[in-house]
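Residue-level structure breakdown
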Amino acid sequence: MNKVLLFLVPLSLFMFPSASVQAISKDLKTAIIIDDFGGGNGGVKEFLEGDIPITAAVMPFTEYSVNHAKLAHQNGFEVIIHLPMQPKKGKRSWLGPKPITSDLSPAEVKQRVMEAIDSVPYAKGLNNHMGSLVVEDEEIVRAIVEVAKKKDLFIVDSGTSPKTKFPEIAQELGVPILKSDIFLDDISNVPYVSNQMMKLANITERKGNAVAIGHVGVKGKACYLGIVNSLDEYKKRHIEIVPVSTLLSDTNPDNFFEINKK
């Protein structure tokens with residue numbers, strides 16, 4: 001009888017490992033993209049002079065595009081292009097200069113993407129600013145992805161439309177892509193952002209990784225403080241905040257899009 005018990009105990013430990021053992025063995029990483037650098041100043045100083053390893057998404061063709069991209073790079077932050085794209089609803093003025101719109105030919109789309117790349121130095125990738133309309137347009141998305149491939153840029157789909165064409169075309173052309181899991185500051189106050197950060201932590205624990213988007217500008221300071229207030233909890237839960245490209249480099253390049261299907 002004792003021999004049977006001695007056999008069953010280690011077997012049960014192997015079959016049903018404790019939650020703490022599982023948590024320790026899991027490599028939890030999350031990326032936080034902060035949109036709208038190059039535009040409004042709210043939160044810019046806090047993020048770019050802070051030590052949260054955000055990815056800075058910089059609007060092209062604005063007064064501070066180059067300045068914010070250079071400052072982010074100098075301070076060790078990853079830079080991507082926050083490419084303005086036409087939404088189904090909203091004011092044209094929200095897009096800024098030279099947006100990607102549905103009336104452009106593929107050649108014109110490519111030209112604007114190339115100009116955006118020139119406008120944002122040190123960019124390693126791009127994500128979409130708005131764009132719920134044009135991300136559903138296969139011809140336009142293909143033109144964007146072809147430029148990203150040529151310039152060796154990754155793509156982050158900001159998740160503005162469930163019918164986005166980015167994942168399938170990026171997969172087809174072999175361009176690394178991720179999709180955002182959550183927006184941190186739909187409501188611009190510190191408690192809301194902190195609560196969204198807890199949701200992000202839960203997603204990260206479930207999937208092993210996650211991507212969130214916040215903003216500078218009107219929402220900037222609340223977004224920054226909400227993130228800061230959550231850092232101790234992230235340390236307790238062993239979740240590391242990393243540049244978004246780290247999630248891609250940790251993924252098999254042949255299955256890069258699978259990171260969003262876990």
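From a predicted model like this one, the values you see are computed outputs, not experimental measurements.

Two faces belong to every sheet, and in a regular strand the side chains alternate between them. Across the 10 residues of strand β1 (residues 28–37), 10 count as buried, placing the element largely inside the fold. Where β1 and strand β9 (residues 239–241) come together, 3 bridges link them in parallel fashion. Residue pairing across strands places Thr 30 opposite Ile 241, the latter belonging to β9. Here β1 runs beside strand β8 (residues 209–215); their pairing, made up of 7 bridges, is parallel. Paired with Thr 30 across the two strands is Ala 210, which belongs to β8. Inspection of the sheet shows β1 paired to strand β2 (residues 55–58) by 3 bridges, in the parallel sense. Looking across to β2, one finds that Phe 37 is bridged to Val 58.

Looking at the element boundaries, His 68 is found in helix α4 (residues 65–74). From its side chain, His 68 meets the backbone nitrogen of Gly 38 in a polar contact 2.7 Å long. Those residues in contact with His 68 that lie beyond four places of it in its chain are Phe 37, Gly 38, Gly 39, Asn 41, Val 44 and Leu 48.

With respect to the helices, strands and loops of the structure, Val 135 is situated in the loop between β4 (123–130) and α6 (138–150). Judged by relative accessible area, Val 135 falls into the buried class, the value being 0%. In this structure, the C-alpha to C-alpha distance between Val 135 and Asp 157, residues 22 residues apart in sequence, is 9.0 Å. When neighbours within four sequence positions are excluded, Val 135 is seen to be in contact with Met 85, Asn 128, Val 141, Thr 160, Ser 161, Lys 163, Thr 164, Lys 165 and Phe 166.

With that settled, the discussion passes to the confidence of the model for the protein chain. In this model, the protein chain carries an average pLDDT of 88, and 85% of its residues clear a pLDDT of 70 or more. Within the model, the stretch residues 1–25 combines pLDDT values under 50 with 1 contact to residues more than four positions away or in other chains. Predicted confidence for residues 251–262 stays below pLDDT 50, and this span has 22 contacts to residues more than four positions away or in other chains.

Let us now look at the packing of aromatic side chains. The geometry of an aromatic ring pair is captured by two quantities: the separation of the ring centres and the angle between the planes. What the rule picks out here adds up to 1 aromatic pair. Here Phe 47 and Tyr 224 contribute two aromatic rings whose centre-to-centre distance is 5.2 Å and whose plane-to-plane angle is 90 degrees, an arrangement assigned as edge-to-face. Note that Phe 47 is positioned in helix α3 (residues 44–48) and Tyr 224 in helix α9 (residues 220–228), a separation of 177 residues in sequence. Judged by relative accessible area, Tyr 224 falls into the buried class, the value being 17%.

A separate point is the environment of Ile 54. Along the chain, Ile 54 turns up in the loop between α3 and β2. Judged by its relative accessible area of 1%, Ile 54 is buried. Separated by 188 residues in the primary sequence, Ile 54 and Val 242 place their C-alpha atoms 7.0 Å from one another. Excluding residues that lie within four positions of it along the chain, Ile 54 makes contacts with Ile 32, Ile 34, Phe 37, Phe 47, Phe 77 and Glu 78.

Bringing the pairing of strand β3 (residues 78–85) into the picture now. With 8 of 8 residues buried, β3 is to be regarded as a mostly interior element. Where β2 meets β3, 4 bridges bridge the pair, whose relative direction is parallel. Within β3, the residue paired with Val 58 across the bridge is Ile 81. Between the parallel elements β2 and β3, the chain passes through α4 in a crossover that is right-handed. As paired elements, β3 and β4 share 7 bridges and run parallel to each other. Residue pairing in the sheet places Leu 83 in a bridge with Asn 128 of β4. Handedness of the crossover is the feature at issue here: the chain leaves β3, passes through helix α5 (residues 106–119), returns alongside β4, and the resulting connection is right-handed.

Excluding glycine, residues mostly carry a negative phi; peptide bonds, for their part, are mostly trans. The phi dihedral of Asp 36 falls on the positive side, at around 80 degrees, and the residue is not glycine. Even without a glycine there, the phi angle at His 238 is positive, about 60 degrees. When you line up the elements, His 238 lands in the loop between α10 (231–236) and β9.

Quick notes on the rules
Residues numbered from 1 in each chain as written. Predicted model: local features only at pLDDT ≥ 70, side-chain atom pairs only at ≥ 80, totals over all residues. Heavy atoms only, no water. Buried < 20%, exposed > 50% of the residue type's maximum accessible area, 1.4 Å probe, protein only. Helix = DSSP H or I, 4+ residues; strand = E, 2+ residues; numbered from the N terminus. Pairing = 2+ DSSP bridges. Polar contact = N/O pair within 3.5 Å; in protein donor to acceptor, adjacent residues only side chain to side chain. Contact = heavy atoms within 4.5 Å. pLDDT = per-residue confidence, 0-100. Phe/Tyr/Trp six-rings, centres within 6.5 Å; stacked < 30°, edge-to-face > 60°. Right-handed = clockwise from strand over helix to strand, strands pointing away.

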